[in-house]
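Listed here are the chains, written in short residue letters.
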Amino acid sequence: QVPLKPGRSLMDWIRLTKSGKDLTGLKGRLIEVTEDELAKHNRKEDCWVCIRGLVYNVTPYMEYHPGGEEELMKAAGADGTDLFDQVHRWVNYESMLKECLVGRMAFKPMAAPKVKFIQVMFFPFFSVTSIYIFSFLYFLFYSYDWFQTDGLITIVIYTKQKDMNAELVIVDCQDKRLRGEIILDDHSYLVEVELDHAVQDDFTVNIAEKVGKVEIILRKKDNVHWQVLGRPLESHNTFIKRVDRGLFYRRCKLVSKTEVTHDTKLFCFMLPKSTHLQVPTGQHVYLKQIIAGTEVVKPYTPVLPSLPLDFKEPSWHDGAHVYLMIKIYPCGLFTQALDHLQIGDCISVSSPEGNFKKSQVQTSEDLFLLAAGTGFTPMVKLLNFALAEVSCLRTVKLIFFNKTEDDILWRNQLEQLALKDERFEVQFVLSEPAEDWVGKQGKISPSLLSECMKRSRKDSKVLICICGPTPFTEQGVQYLKDLGYSQEELHAFTA
Ligand code: FAD
Ligand code: NAP
């Protein structure tokens, strides 16, 4: 993110798009754009960008782009889809840029695009003809079946994945639309159908972890015999990269909102009965709201309702609620709207995303967590997981950077946890301490890091996780590398 000029916030942009001003220069006309035409508009004062086949005149948006003009210019006069997906594929550009839409890219014939896509994705080393032979292969690994009794419909998904678990299965049943997604590393398998008949809201998900079999058991609304499971929807029975799947949202009800500090609140959202979803440790979700007529999406990292002090029972997850610890910024577009939600109001919550792997912790002896402000949020589940489930860990240390004492999130709970569990230590570092602060002060720096992070033994296996404002995280990673830590020993939480 770069500092934007005054009057160039997202809210200002939304206002401009609603002003009726002609932002494309085409007076509302939509045109077909050739590659040659697109390439001509490659200057700051005249900049067109193509995203997923649609061309936008982003010239008026330049000064409003949170990532800065230079970033936007990287896609000037060209197809910016990949760049967009790499940086913030969750941003709803269709809504944000709808007044900048110039038109569609002119159709360019391509040879057998579907086969080509499958080839590049799964069989880069084989010829196109062999793909026809091989492309059925994944059905050997991922397939589904269904059967019925008088009252039930059971859908069985066979994944052959040995460590299948509830976090890898996301099921939503909205009206008659059933969507069952299985996450397998970077890929996703989807069963998506418009059911033949109506079902009850609640359903059961059974997972046979060892054989990778997932059962979704729906309860029929009417006791009728189904001829078919339903009408397959567009993405039904596909196995593709997760990043190509697109985010799926469901409406969740705000059930409570409690103060954590003077500016941070713990929001508890209830998932619909017709959703099966558990957000894995280290992953985030996206919240979506319509603000002044524009869809705005922001990422948040679910936490636990509190820090568990007793790790004997790891089954804290009730499966029905998502807890988010969110700082409300006085001028924050999204958080102000969020803070105005009333108990009982609903908001759209996406399926989880993120590249943190629990296995990174499972082999570590020393775990250091560097958090700044709300960068504490991914550390909550991580702490719980590390202390409850990783037996080889000798030390877990949280170094928590804040401006003042009043900003420290869950200070009491952290101090209690440190008293209760001798493997855990917490150190607070304040950048704007009051005079009577006797703890550490300052900012993240190489000297502070080498002083605070001591291995439990020479050459112990270390994992360092870092999260906070982007410059904090980037600087921290650089300092840690300068101190000799390898890339494999670091994990930075980002979007
Ligand atoms: P914005 O309107 O974006 O502004 C926030 C504040 O920064 C305002 O005071 C604004 O004036 C200032 N500001 C914004 N942009 C600029 C700029 N370019 N230049 C100068 N000042 C600027 N937050 C949480 O509280 N809890 C979480 O669990 C959490 N998880 C996250 C997970 C991920 C993966 C990521 C990437 C972020 C996470 N965040 C979290 C941050 C969150 O997504 C939002 O960025 C945050 O809530 C602010 O949103 P907003 O629209 O209210 O603020
Ligand atoms: P904050 O209160 O502004 O800052 C917390 C601490 O970080 C302060 O001590 C602050 O020192 C320090 N800090 C801020 N910027 C710094 C920089 N450039 N270099 C060194 N230290 C810096 O933090 P916040 O408002 O809670 O913001 C938290 C951030 O974490 C947000 O940007 C949010 O997007 C991010 N976050 C990311 C994820 C994720 O990626 N997964 C999850 C949650 C939150 P100063 O007094 O010097 O500013």
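Here the structure is a predicted model, which is why all the values come from computation and not from measurement.

Calculation criteria
- Residues numbered from 1 in each chain as written.
- Chains lettered and ligands numbered in written order.
- Predicted model: local features only at pLDDT ≥ 70, side-chain atom pairs only at ≥ 80, totals over all residues.
- Heavy atoms only, no water.
- Helix = DSSP H or I, 4+ residues; strand = E, 2+ residues; numbered from the N terminus.
- Rg over C-alpha atoms; globule rule 2.2 N^0.38 Å.
- Buried < 20%, exposed > 50% of the residue type's maximum accessible area, 1.4 Å probe, protein only.
- Areas by Shrake-Rupley, 256 points an atom, 1.4 Å probe, with all protein chains shown as cover.
- Lys, Arg positive; Asp, Glu negative; His and termini not counted.
- Charge placed at Lys NZ, Arg CZ, Asp CG, Glu CD.
- Near = heavy atom within 4 Å.
- Polar contact = N/O pair within 3.5 Å; in protein donor to acceptor, adjacent residues only side chain to side chain.
- Nonpolar A, V, L, I, M, F, W, Y, C, P; charged D, E, K, R; others polar.
- Domains from an automatic or database assignment.
- Salt bridge = Lys/Arg side-chain N within 4 Å of Asp/Glu carboxyl O.
- Contact = heavy atoms within 4.5 Å.
- Buried area = accessible area lost by both parts, 1.4 Å probe.
- Pairing = 2+ DSSP bridges.
- Axes fitted to C-alpha atoms, helices over the stretch in contact; angles between N-to-C directions.

Draft legend 1. View of the overall build of the protein chain. Along the protein chain, the regular secondary structure elements total 14 helices and 29 strands. The C-alpha radius of gyration computed for the protein chain amounts to 25 Å, which stays within 12% of the reference 23 Å derived for 495 residues, consistent with globular compactness. With the principal axes as the frame, the protein chain shows a C-alpha extent of 70 × 65 × 50 Å. Put simply, the protein chain has 495 residues, and 47% of those count as buried. When the accessible surface of the protein chain is split by element, carbon and sulfur atoms take 52% of a total near 25300 Å². Averaging the positions of the 59 positive and the 64 negative side-chain charges in the protein chain gives two centres separated by 2 Å.

Draft legend 2. Geometry of the site of ligand 2. As a matter of local geometry, ligand 2 sits amid 23 residues, with Lys327, Tyr329, Lys403, Ser431 and Lys443 nearest to it. Within the contact set of ligand 2, an oxygen atom lies 2.7 Å away from a side-chain nitrogen or oxygen of Lys443. A distance of 3.4 Å separates an oxygen atom of ligand 2 from a polar atom in the backbone of Gly468. At the level of elements, β25 (395-402) and α14 (470-482) are the ones that each hand at least two residues to the shell around ligand 2. In terms of residues, the shell around ligand 2 owes the most to one element, α14, which gives three residues. Its residues placed into classes, the shell around ligand 2 shows nine nonpolar, 10 polar and four charged. In this structure, the shell around ligand 2 is formed jointly by two domains, domain 3 (252-353) and domain 4 (358-492), each of which donates at least three residues.

Draft legend 3. Representation of the site of ligand 1 within the structure. With respect to spatial proximity, 22 residues lie near ligand 1, and among them Val2, Lys298, Pro299, Tyr300 and Thr335 are the closest. Between Pro299 and ligand 1, the recorded distance is 2.7 Å, taken from a backbone N or O atom to an oxygen atom. In the environment of ligand 1, an oxygen atom lies 3.0 Å from a nitrogen or oxygen atom belonging to the backbone of Thr301.

Draft legend 4. How the structure looks around the pattern of salt bridges. The tally for this structure, following the rule as stated, stands at 28 salt bridges. Of the charged contacts, one joins Glu63 and Lys5 as a salt bridge, the two residues approaching to 2.9 Å between their closest N and O atoms. You can see Glu63 sitting in the loop between β4 (54-57) and α3 (69-73) and its partner Lys5 sitting in the segment before α1 (10-18), a full 58 residues away along the chain. With a relative accessible area of 28%, Glu63 lands in the partly exposed category. Asp85 serves as the salt-bridge partner of Arg52, at 2.7 Å between the closest nitrogen and oxygen. Of this pair, Arg52 sits in the loop between β3 (46-51) and β4 while Asp85 sits in helix α4 (residues 81-88), and the two are 33 residues apart along the sequence. By relative accessible area, which is 42% here, Arg52 ends up partly exposed. Several salt bridges converge on common partners, so that one network encompasses Lys5, Arg8 and Glu63.

Draft legend 5. Inspection of the domain arrangement of the protein chain at higher detail. Here the protein chain is partitioned into domain 1 (10-105), domain 2 (142-241), domain 3 (252-353) and domain 4 (358-492). Taking only C-alpha atoms into account, the centre of domain 3 sits 23 Å from that of domain 4. At the interface, 22 residues of domain 3 touch 25 residues of domain 4. Together domain 3 and domain 4 conceal approximately 2200 Å² of surface at their shared face, both sides included; 70% is due to carbon and sulfur atoms. For the pair domain 3 and domain 4, the interface holds zero salt bridges. One can count three residue pairs in polar contact (both at pLDDT 80 or more) joining domain 3 with domain 4. Elements with a minimum of two residues in the side of domain 3 that touches domain 4: β17 (264-270), β21 (302-303) and β22 (321-327).

Draft legend 6. A look at the sheet that holds strand β13 (residues 213-220). Strand order in the open sheet formed by four strands is β7-β8-β13-β12, and the pairing between neighbours is antiparallel. Of all strands in the sheet, those bounded by a partner on one side alone are β7 (143-148) and β12 (199-208). Averaged over all pairs of adjacent strands, the angle between their axes in this sheet comes to 20°, without regard to strand direction. The pairing of β7 with strand β8 (residues 152-158) spans six bridges and is antiparallel. Bridged to Asp145 within β8 is Val156.

Draft legend 7. Structural context of the side chain of Arg179. Looking at the element boundaries, Arg179 is found in strand β10 (residues 177-184). At 3.1 Å, the side chain of Arg179 forms a polar contact with the side chain of Glu181. Once residues within four sequence positions are removed from consideration, Arg179 is found in contact with Ile170, Val171, Asp172, Leu190, Val191, Glu192, Arg245 and Phe248.

Draft legend 8. Structural detail: the pairing of strand β9 (residues 169-174). In terms of burial, β9 is a largely internal element, five of the six residues being buried. When β9 meets β10, the two strands line up antiparallel, connected through six bridges. Across the sheet, residue Gln174 finds its bridge partner in β10, namely Arg177. The turn joining β9 and β10, which pair antiparallel and follow one another in sequence, is formed by two residues; a positive phi near 55° is taken by Asp175. Here β9 runs beside strand β18 (residues 275-276); their pairing, made up of two bridges, is antiparallel. Of the residues in β18, the one forming a bridge with Val171 is His276.

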